[in-house]
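Architecture at a glance
Here are the chains, one letter per residue:
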Amino acid sequence: METISENEDFKLALKLINSTNRCIFISGKAGTGKSTFIKHLRKKTYKKFLIVAPTGVAAINAGGVTIHSLFNFPLLPFLPLNTKTFDERKVNSTSKKLLLEIETIIIDEISMVRVDIIDAIDHTLKKIRGSDKSFGGIQVVFIGDLMQLSPIATAQEQALLSTVYESLYFLHSKAYEEAAPIVISLEKIYRQTDKEFVDILNAIRNNSNLEKYLGALNKRIITNPNYQTAITLTTHNAVADEINRESISLVPKQAYSFTAIITGEFDRDNYPTDLILSIKVGARVMLLKNERGKTKKYFNGKIGTVLNIEVDKIEIDFGEDEAFIVQREIWTNQKFLVSATGQGITQTISGTFEQFPLRLAYAITIHKSQGLTFDEAIIDLEKVFVPGQAYVALSRIRSFNGLHLKSPITTDQVLVDQNLVKYLANMTVGITKSNLEIEQNQYLIMKLLETFTISPTLADSGKLPQLIFPFAVSNALVQLIKVSSKFCKELSAMIELTILDKPKLHERVVKAAEYFINQMQTGLINPLEVSIKKYKNDFHYSKTVKELQEIRTYLIGKIAKIKAVNDLTNKIVITNDFSDSSDNISNLERNTTKSSTIVKNPSNDSVQERCYSLFKVGNNVYSISEQLKINSDAVFNHLTPYIQTGEIDILQLVSNEKIGLVRGFYENGKDNIFTLKAQLGATLTFGELKVILAFFKAK
């Protein structure tokens, strides 16, 4: 089977994102790998990006944040000619910094994003960034299938929006029309291989030739559905909950309950599974996370039967040779921050939800099934209420033989917006080679000018005291600004030529990068560090030292950007290969500026050393757990020695309140971790108990 790296549509989309500033709409039918592409993109782009989605669950699945949490939008429709309510709201300082710093915003599940929200995003970005360019000059990547779940609006909202917009769909927004995104249509279907079933799904998707296929579809009706053998996809939560309650009650075994461990901020509406998971041996369950190993046999949506239940693990029979052991997993509530240097975007974790990645698999809603894959399912479409529901439900299933209908499908249940069908049929897909080259050249020149421009305000540093800021350093800074201005004029002149002399451009950029990096490091950063070290504890110069530190931070970040744009020039002008962007640019910038939460470690580093390295650059326990693919208790365990040596402050790992809970027991001679866990229950994890005990013993 064709791999992701061999998919030509994926390659083109990645190239457009990495080497241009054009907005892009990545479309594709169900099962074409849209979610997989986002994971692929995270690894392969060097750009500073954010991922947003319309719902909390979609955001968590994509590793992003919700649109409303990032932009702090009021729960009102946005009207382009009446923006007062949106203008009066406060976008918090963290979001402002992010929106000034990022290069790309990825909007997942775009089919569910209402038309006015896109214009609200555009309006906000233009205002914050002080730019009249589309989306304030940020590249926006729209990802989703318009024929799947549609935007939702109340009757009142719809009446109001209809006075401004042609429909509720994002493509009818003013901002989308202004941006004129390049469209990439993913064609290769990975989920289904049965041509007849694919043809049926296409007919349902477009509501075309239904009469030809309804007969075959309705042969899949089962009169007495057995909820014990296949999951049911239904339209409403109440129906799914009732089926799950009835089905689990029929399992003649003892019920076990597991309460999720929640830290920080994690909204109840975004819980990825039950707060209290109640299961039995013999119960049908669905896995909610992909297997971490290489086999990938166990995936989000796979259904099996519980074989054994223990305190720290649950064994599931998925029909393989061996039982699959499921342990607690951590879902993270992500937040994006501008790094300490101001030169990068750091993804931090504001909250965690720790629970066994399972849910009862007798029934779920069609909305919750979006993005999942099942081998077998019972489909209940009796109360379809939005366009796309029938298509989403049916397309979750791998093969026609795995499809069971609770009742006959009628044409009335296949709700499709024919205007969308026409739009998708007529939209221009792809980009010509010559136009791609033009877009790449424009982006490259923009990045070169942006990177090699040195802020003239740095020249004001000459007014700093000579004692702490020597004349030679001040002079080197002024000289660097002059060279910067001259080189940027040379670049501008090259742009104006009818044909861009790429070899000459590449040669000049390589030489300029070498010159600027050397001058910044030896002529500026090194002397600055000497002065900072010498005077940092002298309160007479505290303000001046702070200014020097800001100059140093600016220069370090500028070096990282020069290295990155040098590599970008090589890719656009020489290799035209963007398949390894993450390794060559992103990590280079991260290591130079230390602005990211990810540390590049030698392969022979111990897990303990890697945990400590990640912790020292700002990652918390749950972020380290995610990155190293180990559970949180293991991270606490690896950090315990650093508590004992005093290299880590205990309050960086656990709160005073939790330390206080243990102190009373410890002072009364109760220092057995298992005894304490039994006394304190879910209030503290084993890992937290271990570091607290280590702290007391070290004292």
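Bear in mind the structure is a predicted one, so any value in this text is a computation, not a measurement. (Residues numbered from 1 in each chain as written. Predicted model: local features only at pLDDT ≥ 70, side-chain atom pairs only at ≥ 80, totals over all residues. Heavy atoms only, no water.)

**Re the overall build of the protein chain**
Within the protein chain, the secondary structure is distributed over 26 helices and 20 strands. Within the protein chain, the proportion of its 699 residues that are buried is 52%. Here the contacts in the protein chain between residues at least 6 apart in sequence split such that 72% fall between residues at least 24 apart. Surface summary for the protein chain: the accessible area is close to 32,400 Å², and the carbon and sulfur share equals 50%. (Helix = DSSP H or I, 4+ residues; strand = E, 2+ residues; numbered from the N terminus. Buried < 20%, exposed > 50% of the residue type's maximum accessible area, 1.4 Å probe, protein only. Contact = heavy atoms within 4.5 Å. Areas by Shrake-Rupley, 256 points an atom, 1.4 Å probe, with all protein chains shown as cover.)

**With respect to the pattern of salt bridges**
Per the stated rule, a full pass over the model turns up 19 salt bridges. Linking Glu8 and Lys11 is a salt bridge whose minimum nitrogen-to-oxygen distance equals 3.3 Å. Highlighted residues: Glu8 and Lys11, both in helix α1 (residues 8–19), separated by three residues, approximately one helical turn. Classification of Glu8 by relative accessible area gives exposed; the value is 52%. When its relative accessible area of 39% is taken as the criterion, Lys11 is described as partly exposed. Across the pair Asp116 and Arg114 runs a salt bridge whose closest N-O atoms are separated by 2.7 Å. (Salt bridge = Lys/Arg side-chain N within 4 Å of Asp/Glu carboxyl O.)

**Examining the sheet that holds strand β18 (residues 363–365)**
Taken in spatial order, the four strands line up as β18-β7-β19-β20 in an open sheet, and their pairing is parallel. Edge strands, defined here as strands with exactly one partner in the open sheet, are β18 and β20 (403–405). On average, each strand axis in the sheet is tilted by 30 degrees relative to the strand beside it, whichever way the strands run. Bridging between strand β19 (residues 377–379) and β20 involves three bridges; their strand directions are parallel. Residue pairing across strands places Ala377 opposite Leu403, the latter belonging to β20. Packed on one face of the sheet, helix α12 (residues 237–249) meets β7 (231–234) and β18 and runs near 170 degrees to β18. (Pairing = 2+ DSSP bridges. Axes fitted to C-alpha atoms, helices over the stretch in contact; angles between N-to-C directions.)

**Looking at the sheet that holds strand β11 (residues 284–287)**
Read from one edge of the open sheet, five strands run β14-β13-β12-β11-β17, paired in antiparallel fashion. Of all the strands in the sheet, just β14 (324–326) and β17 (358–360) have a single pairing partner and so form its edges. Shown here is a sheet whose adjacent strand axes are inclined to one another by a mean of 45 degrees, direction ignored. Bridging between β11 and β17 involves three bridges; their strand directions are antiparallel. Note that in β17 the partner of Met286 across the bridge is Arg359.

**What about α1?**
Helix length check: α1, at 12 residues, gives a terminal C-alpha distance of 16 Å against a target of 16 Å (1.5 Å per residue), a fit within 8%. Those residues of α1 lying buried are Phe10, Ala13, Leu14, Lys15, Leu16, Ile17, Asn18 and Ser19. Of the residues flanking the start of α1, the one acting as N-cap is Asn7, its side-chain oxygen 2.9 Å from the backbone nitrogen of Asp9. (Expected span 1.5 Å × (residues − 1). Polar contact = N/O pair within 3.5 Å; in protein donor to acceptor, adjacent residues only side chain to side chain.)

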